[in-house]
Amino acid sequence: MRERVSLFGIQLDPLTMNQAIDRLLEIIQRQPNESRYVVTPNVDHIVKLRHDRAFQAAYHDAELVLVDGKPVRLASLILRTPLPETVPGSDLVPKLFAASQRIGGVSIYLIGSAEGVAEIAARNIRRRWPWVRVCGVYSPPMRFSVASPMSDVAVEKIRVAAPDILVVGLGAPRQEIWVHNVRERLNAKTVLCVGATIDFLAGEKSRAPVWMRRGGIEWLHRMVTEPRRMVGRYIHDAFIFPGLFLREWLGRR
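In this report, the structure presented in the accompanying data block is examined.

1. Remarks on the overall build of the protein chain
Line of reasoning, step 1. Helix and strand content of the protein chain: 12 helices and 8 strands.
Line of reasoning, step 2. Computed over the C-alpha atoms, the radius of gyration of the protein chain is 17 Å, within 12% of the 18 Å expected from 2.2 N^0.38 for a compact globule of 253 residues.
Line of reasoning, step 3. Considering only C-alpha atoms, the protein chain reaches an extent of 50 × 40 × 40 Å along its principal axes.
Line of reasoning, step 4. By the burial criterion, 53% of the 253 residues in the protein chain qualify as buried.
Line of reasoning, step 5. Contacts in the protein chain between residues far apart in sequence, at least 24 positions, make up 73% of those at least 6 positions apart.
Line of reasoning, step 6. Counting every atom, the protein chain has about 12400 Å² of accessible surface; 52% of that belongs to carbon and sulfur.
Line of reasoning, step 7. When the 36 basic and 25 acidic side-chain charges of the protein chain are each reduced to a single mean position, those positions are 3 Å apart.

Given below as structure tokens:
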């Protein structure tokens with residue numbers, strides 16, 4: 001493992017997509033006793049991390065911290081602590097499924113999204129990657145959290161299924177905080193906190209065209225397709241993030 005990069009108060013792993021996949025497959029094959037989980041910071045995470053102690057603790061104990069947002073990677077380049085490339089969760093998951101054929105496939109469990117969406121995602125996964133075995137899905141109720149009575153139900157379902165990979169799509173910071181608190185009970189080899197990825201796998205939400213993703217303007221596609229949820233968030237983050245970058249830059253002078 002390469003030395004981590006310190007940026008915005010968190011430690012990031014300077015890995016390419018292929019290196020991250022190799023690392024995750026290694027973890028799965030090693031069969032760790034405790035679930036190792038992955039977080040993928042973008043601008044919204046950086047903004048939320050400022051004042052959320054539980055979110056900070058989840059980041060501190062993550063096995064891998066892989067940069068998702070293009071602006072965060074750009075900041076790393078300007079600040080001379082370069083990250084090699086972005087590793088978005090919505091790209092990491094399908095690429096990991098494809099690469100798992102090298103080890104004879106994996107078992108996965110999906111938790112998140114609205115009722116019925118994970119089932120559609122499961123069908124799509126089985127059709128596209130037949131060596132990936134979906135051993136369970138669960139769509140938690142609204143306001144699901146560590147304190148929810150249904151948290152123990154979810155943990156028990158996952159524990160019994162014992163997946164190689166648990167894909168968690170509860171939204172940040174809820175998904176990271178939940179995984180951090182229950183990780184010792186999950187009986188999953190690796191856990192991916194990856195937001196809307198289950199929706200993308202199900203086709204419920206459309207990914208931005210490849211040229212928009214490569215150009216770092218996937219946020220524009222999200223704003224257009226999900227205006228109620230995303231416009232306010234992006235405006236707020238665009239107001240806060242430049243100040244955080246300036247503070248980081250001044251702190252390094």
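2. Re the packing of aromatic side chains
Line of reasoning, step 1. The tally for this structure, following the rule as stated, stands at 4 aromatic pairs.
Line of reasoning, step 2. Between phenylalanine 55 and tyrosine 59 the ring centres are 5.3 Å apart and the planes differ by 85 degrees, which places this aromatic pair in the edge-to-face class. Taken together, the residues span about one helical turn, with phenylalanine 55 and tyrosine 59 both in helix α3 (residues 53-60) at a distance of 4 residues.
Line of reasoning, step 3. Ring geometry for phenylalanine 144 against tryptophan 178: centres 5.5 Å apart, planes inclined by 55 degrees, an arrangement best described as tilted. Taken as a pair, phenylalanine 144 in the loop between β6 (132-138) and α7 (150-161) and tryptophan 178 in helix α8 (residues 174-182) lie far apart in primary sequence, 34 residues in all.
Line of reasoning, step 4. On the basis of relative accessible area, tryptophan 178 is assigned to the buried category, the value being 0%.

3. Some thoughts on the side chain of serine 76
Line of reasoning, step 1. Within the element layout of this structure, serine 76 appears in helix α4 (residues 70-78).
Line of reasoning, step 2. Among the polar contacts made by the side chain of serine 76, one reaches the main-chain carbonyl oxygen of arginine 73 at a distance of 2.6 Å.
Line of reasoning, step 3. From its side chain, serine 76 meets the backbone nitrogen of leucine 83 in a polar contact 3.1 Å long.
Line of reasoning, step 4. If near-sequence neighbours (up to four positions away) are discounted, serine 76 is found in contact with Leu7, Thr81, Pro82 and Leu83.

4. Quick look at the sheet that holds strand β3 (residues 36-39)
Note on sheets: strands pair through backbone hydrogen bonds, and any given pair is parallel or antiparallel.
Line of reasoning, step 1. What the 6 strands build is an open sheet, ordered β4-β3-β8-β7-β5-β6; its pairing is parallel. The open sheet has two edge strands with one neighbour each: β4 (64-65) and β6.

5. Overview of the pattern of salt bridges
Line of reasoning, step 1. For the structure shown, the criterion picks out 12 salt bridges.
Line of reasoning, step 2. For arginine 159, the salt bridge goes to glutamate 156, with nearest N and O atoms at 2.7 Å. One end of the pair is arginine 159 and the other is glutamate 156, both in helix α7 and 3 residues apart, which spans about a single turn.
Line of reasoning, step 3. Given a relative accessible area of 38%, arginine 159 falls into the partly exposed group.

6. A short note on the packing of α3 against α8
Line of reasoning, step 1. Contact geometry for α3 and α8: axes closest at 9 Å, N-to-C directions at 65 degrees. Considering the relative orientation of α3 and α8, their crossing is left-handed. On α8, the residues touching Ala54, Phe55, Ala57 and Ala58 of α3 are Glu176, Ile177 and His180.

7. Some thoughts on unusual backbone geometry
Line of reasoning, step 1. Here the residue pair alanine 172 and proline 173 is connected by a cis peptide bond, since its omega of 5 degrees sits within 30 degrees of zero.
Line of reasoning, step 2. Inspection of the secondary structure assignment puts proline 173 in the loop between β7 (165-169) and α8.
Line of reasoning, step 3. The phi angle at arginine 80 is positive, at roughly 60 degrees, despite the residue not being glycine.
Line of reasoning, step 4. Looking at the element boundaries, arginine 80 is found in the loop between α4 and α5 (89-99).
Line of reasoning, step 5. The phi torsion at asparagine 187 lies on the positive side, around 60 degrees, for a residue other than glycine.
Line of reasoning, step 6. For asparagine 187, the position within the fold is in the loop between α8 and β8 (190-193).

The rules behind the values
Residues numbered from 1 in each chain as written. Predicted model: local features only at pLDDT ≥ 70, side-chain atom pairs only at ≥ 80, totals over all residues. Heavy atoms only, no water. Helix = DSSP H or I, 4+ residues; strand = E, 2+ residues; numbered from the N terminus. Rg over C-alpha atoms; globule rule 2.2 N^0.38 Å. Buried < 20%, exposed > 50% of the residue type's maximum accessible area, 1.4 Å probe, protein only. Contact = heavy atoms within 4.5 Å. Areas by Shrake-Rupley, 256 points an atom, 1.4 Å probe, with all protein chains shown as cover. Lys, Arg positive; Asp, Glu negative; His and termini not counted. Charge placed at Lys NZ, Arg CZ, Asp CG, Glu CD. Phe/Tyr/Trp six-rings, centres within 6.5 Å; stacked < 30°, edge-to-face > 60°. Polar contact = N/O pair within 3.5 Å; in protein donor to acceptor, adjacent residues only side chain to side chain. Pairing = 2+ DSSP bridges. Salt bridge = Lys/Arg side-chain N within 4 Å of Asp/Glu carboxyl O. Axes fitted to C-alpha atoms, helices over the stretch in contact; angles between N-to-C directions. Left-handed = near helix turned anticlockwise from the far one by under 90°.

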